[in-house]
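Residue-level listing of the chains:
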Amino acid sequence: GQNIDQPTEMTATEGAIVQINCTYQTSGFNGLFWYQQHAGEAPTFLSYNVLDGLEEKGRFSSFLSRSKGYSYLLLKELQMKDSASYLCAVTPGDQGGKLIFGQGTELSVKP
Amino acid sequence: EPEVTQTPSHQVTQMGQEVILRCVPISNHLYFYWYRQILGQKVEFLVSFYNNEISEKSEIFDDQFSVERPDGSNFTLKIRSTKLEDSAMYFCASRRGTRQYFGPGTRLTVL
């Protein structure tokens, strides 16, 4: 089966750092994505990891450990506009390249 | 940045009616997808399309659903006889390389 787990919700303070974890069990693995989704809008791409290690992009970093089936998204210098749902998604590596999504983590940034 | 577009943004229909949701993928992309997201739930894969044929479909994508690429630009999802449980946000996505680009979505409400 395919299973992707992430916390349902998190709260953090403006200016702080927050880490959103994701664990996955899928029939295959060809990469892990993080997307941001504001309410009523489309998911927007944040990061992609296919090899173990940390990928940094501005205030956002994403880490992958394939042996542990684990990833995290790190958001630094939080801003109010970072309040959104953060979606962890895996592409299992079949020909079509579909994405399997987790439930999403609703992040609330407080002043 | 190039965008995926979708029309309409909101569709209201009566149960049992047919609906067609339209998408214009990014012009040089080769892989096309439909996903749905029921309110408050995770994004779910419906179907992937490549080289003018379906490459994979999920259990959700039953005989009531069909997809078509009628010309070089449009990609449509048809639901033949809508049910109440088809009410959801439907996202189209396209890709050429690794990253999937999502359209803004069509909110389908079945009454």
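Please read these numbers as outputs of a predicted model, since none were measured by experiment.

Q: Help me out: how do you make sense of the interface of chain B and chain A in this one?
A: Size of an interface, as often reported, equals the accessible area lost when the parts are brought together. Facing 22 residues of chain B, the contacting portion of chain A comprises 19 residues. Both sides of the chain B and chain A interface together cover about 1600 Å² of buried area, and 56% of this is carbon and sulfur. Ionic pairing is found between E56 of chain B and K98 of chain A, a salt bridge with its closest N-O pair at 2.4 Å. Our enumeration of links across chain B and chain A arrives at 7 residue pairs in polar contact (both at pLDDT 80 or more). Where the side of chain B that touches chain A is concerned, the elements lending two or more residues are strand 4 (31-37), strand 5 (43-50), strand 6 (53-57) and strand 9 (88-95) of chain B. In terms of residue count, the dominant contributor to the side of chain B that touches chain A is strand 4 of chain B (4 residues). Residue composition of the side of chain B that touches chain A, by class: 9 nonpolar, 8 polar and 5 charged.

Q: Teacher, can you tell me more about the packing of aromatic side chains here?
A: Aromatic rings in a pair are described by how distant their centres are and how their planes are angled relative to each other. Summed over all chains, the structure comprises 21 aromatic pairs over all chains. Centroid distance F33 of chain A to F45 of chain A: 6.3 Å. Interplanar angle 70°. Geometry classified as edge-to-face. Placement of F33 of chain A in strand 4 (residues 32-37) and of F45 of chain A in strand 5 (residues 44-49) is noted, with a sequence separation of 12 residues between them. Classification of F33 of chain A by relative accessible area gives buried; the value is 2%. Between F33 of chain A and Y48 of chain A, the aromatic rings sit 4.7 Å apart at their centres with planes inclined by 40°, giving tilted as the arrangement. With F33 of chain A in strand 4 and Y48 of chain A in strand 5, the pair connects residues that are 15 residues apart, well separated along the chain. In this structure, R95 of chain B is placed above the aromatic ring of Y31 of chain B, and the distance from its NZ or CZ to the ring centre is 3.9 Å.

Q: Would you explain the environment of G53 of chain A in this entry?
A: Within the secondary structure, G53 of chain A sits in strand 6 (residues 53-57). When residues no more than four places from it in sequence are discounted, the contact partners of G53 of chain A are S62, F63 and L64 of chain A.

Q: Could you clarify how one ought to interpret the sheet that holds strand 3 (residues 18-25) of chain A in this entry?
A: Residues and elements named next belong to chain A. Taken in spatial order, the 5 strands of this open sheet run 1-3-8-7-6, and their pairing is antiparallel. Looking at which strands have only one partner, the edges of the open sheet turn out to be strand 1 (3-5) and strand 6. Neighbouring strand axes in the sheet, compared pairwise and without regard to direction, differ in orientation by 15° on average.

Reading the values: the criteria
- Residues numbered from 1 in each chain as written.
- Chains lettered and ligands numbered in written order.
- Predicted model: local features only at pLDDT ≥ 70, side-chain atom pairs only at ≥ 80, totals over all residues.
- Heavy atoms only, no water.
- Contact = heavy atoms within 4.5 Å.
- Buried area = accessible area lost by both parts, 1.4 Å probe.
- Salt bridge = Lys/Arg side-chain N within 4 Å of Asp/Glu carboxyl O.
- Polar contact = N/O pair within 3.5 Å; in protein donor to acceptor, adjacent residues only side chain to side chain.
- Helix = DSSP H or I, 4+ residues; strand = E, 2+ residues; numbered from the N terminus.
- Nonpolar A, V, L, I, M, F, W, Y, C, P; charged D, E, K, R; others polar.
- Phe/Tyr/Trp six-rings, centres within 6.5 Å; stacked < 30°, edge-to-face > 60°.
- Buried < 20%, exposed > 50% of the residue type's maximum accessible area, 1.4 Å probe, protein only.
- Lys NZ or Arg CZ within 6 Å of the ring centre and 35° of its normal.
- Pairing = 2+ DSSP bridges.
- Axes fitted to C-alpha atoms, helices over the stretch in contact; angles between N-to-C directions.

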